[in-house]
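# Topology and contacts: notes
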Amino acid sequence: MEVRDGRVVIEASTPEDVPVLCPGCQAPSGRVHSRYGRRLADAPCGGRGVVIELSVRRLFCDNGECRRVTFAEQIDGLTSRYGRRTPVLQRMLAALGVVVAARAVARLALLLGVVVSRTTVLRLVMALPDPAWTTPRVLGIDEFATRKGHRYGTILVDCESHQPLDLLPDRDADSVAAWLREYPGIEIICRDRAQVFADRARTGAPNAQHCADKWHVWHNLAEAVERLVSRHRALLRDLVETFPEPERPEPEPAQVETVKATEEPSEPYPQGKFLDRLRDTHAAVRAQVEQGLSLREIARRLGLGRNTVRKYARAASPEAMLHGQWQNRTSKLDAFKPYLDQRIAEGCTNVSRLHREL
Ligand SMILES: [Zn+2]
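Residues numbered from 1 in each chain as written. Predicted model: local features only at pLDDT ≥ 70, side-chain atom pairs only at ≥ 80, totals over all residues. Heavy atoms only, no water.

Within an unreviewed UniProt entry, the label attached to the chain reads HTH IS21-type domain-containing protein, and the organism entered is Streptomyces sannanensis.

## Description of the UniProt feature "transmembrane region" (unreviewed entry) in the chain
The cut-off we apply is this: UniProt positions are given in the numbering used here, feature names are shortened, and annotations may be inferred rather than shown by experiment. Think of it this way: any DSSP run of H or I at least four residues long counts as a helix, any run of E at least two long counts as a strand, and we number them from the N terminus.
UniProt marks residues 93-116 with the feature "transmembrane region" (unreviewed entry), using the numbering shown here. Along residues 93-116 one finds 75% helix and 0% strand; the C-alpha atoms at either end are 9 Å apart.

## Some details on helix H1 (residues 87-100)
For clarity, the threshold we go by: A helix is expected to span 1.5 Å for every residue after the first. Relative accessibility decides the category of a residue: with a 1.4 Å probe and only protein chains considered, values under 20% of the type maximum give buried, values over 50% give exposed, and everything between is partly exposed. Note that the arc is defined by the directions from the helix axis to the C-beta atoms. Two residues qualify as a contact provided that any one of their heavy atoms is within 4.5 Å of a heavy atom in the partner residue.
Here H1 contains 14 residues, and its C-alpha end-to-end distance of 20 Å stays within 8% of the 20 Å for a straight helix at 1.5 Å per residue. Every buried residue of H1 is listed here: Leu89, Leu93, Ala94 and Gly97. Down the axis of H1, the smallest arc covering the buried residues is 130°, so these residues share one side. Exposed and facing more than 90 degrees away from the buried side of H1 are Arg91, Val98 and Val99. At its buried positions, H1 is contacted by strand E5 (32-45), helix H2 (102-111) and helix H3 (118-127). Once H1 ends, the next one or two residues include Ala101, with phi positive near 75°.

## Comments concerning the pattern of salt bridges
Heads up, the rule is: Salt bridges are identified by distance alone: a Lys or Arg side-chain nitrogen within 4 Å of an Asp or Glu carboxyl oxygen.
Under the defined criterion, the tally for this structure stands at 16 salt bridges. A salt bridge links Asp334 to Lys337, with the shortest nitrogen-to-oxygen separation between them at 2.9 Å. Judged by relative accessible area, Lys337 falls into the partly exposed class, the value being 38%. Where Arg343 meets Glu346, a salt bridge forms, and the shortest distance between an N and an O atom there is 2.7 Å. Exposure remark for Arg343: the relative accessible area of 12% places this residue in the buried category. Residues joined in a network through salt bridges with shared partners are Glu2, Arg4, Glu11, Arg39 and Glu53.

## Quick look at the sheet that holds strand E9 (residues 151-158)
Here is the rule: What makes two strands pair is DSSP finding at least two bridges between them. Each axis is a line fitted through C-alpha atoms, taken for helices only over the stretch in contact, and angles between the N-to-C directions span 0 to 180 degrees.
Pairing is mixed in the open sheet, where five strands are placed in the order E10-E9-E8-E11-E12. Two strands lie at the open edges of the sheet, namely strand E10 (163-168) and strand E12 (209-212), each paired on one side alone. Here the strands of the sheet are splayed against their neighbours by 30° on average, with no regard to which way each runs. Pairing analysis gives eight bridges linking strand E8 (residues 138-147) to E9, with the strands arranged antiparallel. By the bridge assignment, Arg147 is partnered in E9 with Arg151. Across the sheet, helix H4 (residues 173-182) touches E8, E9, E10 and strand E11 (188-191), and the angle it forms with E10 is around 130°.

## Considerations on a nonpolar patch on the surface
The criterion, for reference: Every patch collects residues that have over 30% relative accessible area and no salt bridge, joining them within 9 Å if they carry like charges and within 5 Å if they are nonpolar side chains (Val, Leu, Ile, Met, Phe, Trp, Tyr). For the accessible areas, the method is Shrake-Rupley and the probe is 1.4 Å, while residue cover comes only from the protein chains on display.
A surface patch of nonpolar side chains, amounting to about 630 Å² of accessible area, comprises Val98, Val99, Val100, Leu108, Leu111, Leu112 and Leu128. Elements represented by at least two residues in the nonpolar patch include exactly H1 and H2. Ranked by residue count, the leading element in the nonpolar patch is H1, at three residues. Since its relative accessible area comes to 34%, Leu112 is described here as partly exposed.

## Topic: the nonpolar core
How we decide: Side-chain atoms within 4.5 Å link the members of a nonpolar core, which is a set of buried Ala, Val, Leu, Ile, Met, Phe, Trp, Tyr and Cys residues.
Ranked by internal contacts, the top residues of the largest apolar core, which has 13 residues, are Leu139, Ile141, Leu156, Trp179, Leu180, Ile186 and Ile189. Of all elements in the fold, only E8, E10 and H4 reach the threshold of two or more residues within this core. A total of three residues in this core trace back to one element, the largest contributor, which is H4. Among the nonpolar cores identified, the runner-up in size contains ten residues, and Leu93, Ala102, Val105 and Val116 belong to it.

## With respect to the coordination of the zinc ion
The test is simple: Only nitrogen, oxygen and sulfur atoms qualify as donors, provided they sit within 2.8 Å of the metal or within 3.2 Å for Na, K and Ca; with water excluded from the atoms, sites may seem incomplete. Only four donors with every angle between 85 and 135 degrees are called tetrahedral; only four or six donors with opposite donors over 155 degrees apart and all others between 65 and 115 are called square planar or octahedral, in that order; all others are irregular.
Looking at the zinc ion, one finds its protein donor set to be Cys22 (SG), Cys25 (SG), Cys61 (SG) and Cys66 (SG), positioned 2.2 to 2.4 Å from the metal centre. One can describe the donor arrangement at the zinc ion as tetrahedral, given that its four donor atoms subtend angles of 99 to 116° at the metal. Donor residues binding the zinc ion come from one chain and are separated in sequence as C-x2-C-x35-C-x4-C. Highlighted residues: Cys25 in the loop between strand E3 (20-21) and strand E4 (28-29) and Cys66 in the loop between strand E6 (48-60) and strand E7 (70-72), separated in sequence by 41 residues. Assessed through its relative accessible area of 15%, Cys66 is described here as buried.

## A look at the packing of aromatic side chains
Let me state the cut-off plainly: Each Phe, Tyr or Trp ring (for Trp, its six-membered ring) is paired with any other whose centre lies within 6.5 Å, and the angle between the two planes then decides the class: stacked below 30 degrees, edge-to-face above 60, tilted in between. We count a charge as sitting over a ring when the NZ of a lysine or the CZ of an arginine lies within 6 Å of the ring centre and within 35 degrees of the ring normal.
Enumeration over the complete set of coordinates arrives at three aromatic pairs. With a centroid separation of 4.6 Å and 45° between ring planes, the pair formed by Trp179 and Tyr183 is classed as tilted. For Tyr183, a relative accessible area of 22% translates into the label partly exposed. Aromatic rings pair up to connect Trp133, Trp179 and Tyr183 into one cluster. Taking the ring centre of Phe60 as reference, the NZ or CZ of Arg31 above it sits at 4.1 Å.

Spelled out as structure tokens, the structure:
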């Protein structure tokens, strides 16, 4: 054992006269054909990477019935065919990969004296056995995107432990039914309200009670409210004109619901009656602005409030009006924006420095 180039190097050799079982026929053999060297990376020790330089034997198989003429010996708990890492190191890298993901492990490992690529870490993680689970009492079923907007599978979750149990390669209701038949005893199935899931989940688990999960209840409620508001839009317009707009509070930072919403497969912008109307009105207002009509005149012609017309006239596109009320607001920074643009164009993008300059 010695320290070489900052690493602990362990030179080791298998004994000469211990017989080994042939992996082909399990017959013992001690007749040595040759020796060769292997290098194995091991878990770091004392802040240094560890390399085991190992001399192993190639042996003859003397069993006439066996197809192997020679074979290489493996050391139980240390080597495997073509393996370049010890099981201890492999377990360590796989465990890290589960916690912080492959790319981070590759960088972290370098600090610990272990060279490993992120693809190797991924391979180690993928080779781990799936965690064991028992049939849940409350099962959650939902779509799962392997490629958003293109490929969907089905994810099955234990709603009480929040543990994902299984992924089905498609969202075909038959595979859900087959899965449910394979794991009987589920009492409650929590799902969205899509009819396909409903029918097949019932055939797969006829005794289970069905409920809509919380997110889908909220989602359906929001859709229903939008339909209602859109139907009574004329009333709202009267209200807006009767009462001046109240001060709006500052927007909250991004919320969980918003994150969930962006995960849904969707068009670049939401569709619907309300939005068609928004686009039409925007186009009408802009066209009349181009003609040089006053906002007062446009408001009279379109039967809208003057503040409403002003909002449409200011928005460069109908989509800009969907980004929320606060995005095009004036800000304390406005006066400094030309200066900032100039400094950024000059190549200064250091935020704290720009802040000091302001
Ligand atoms: Zn053999």
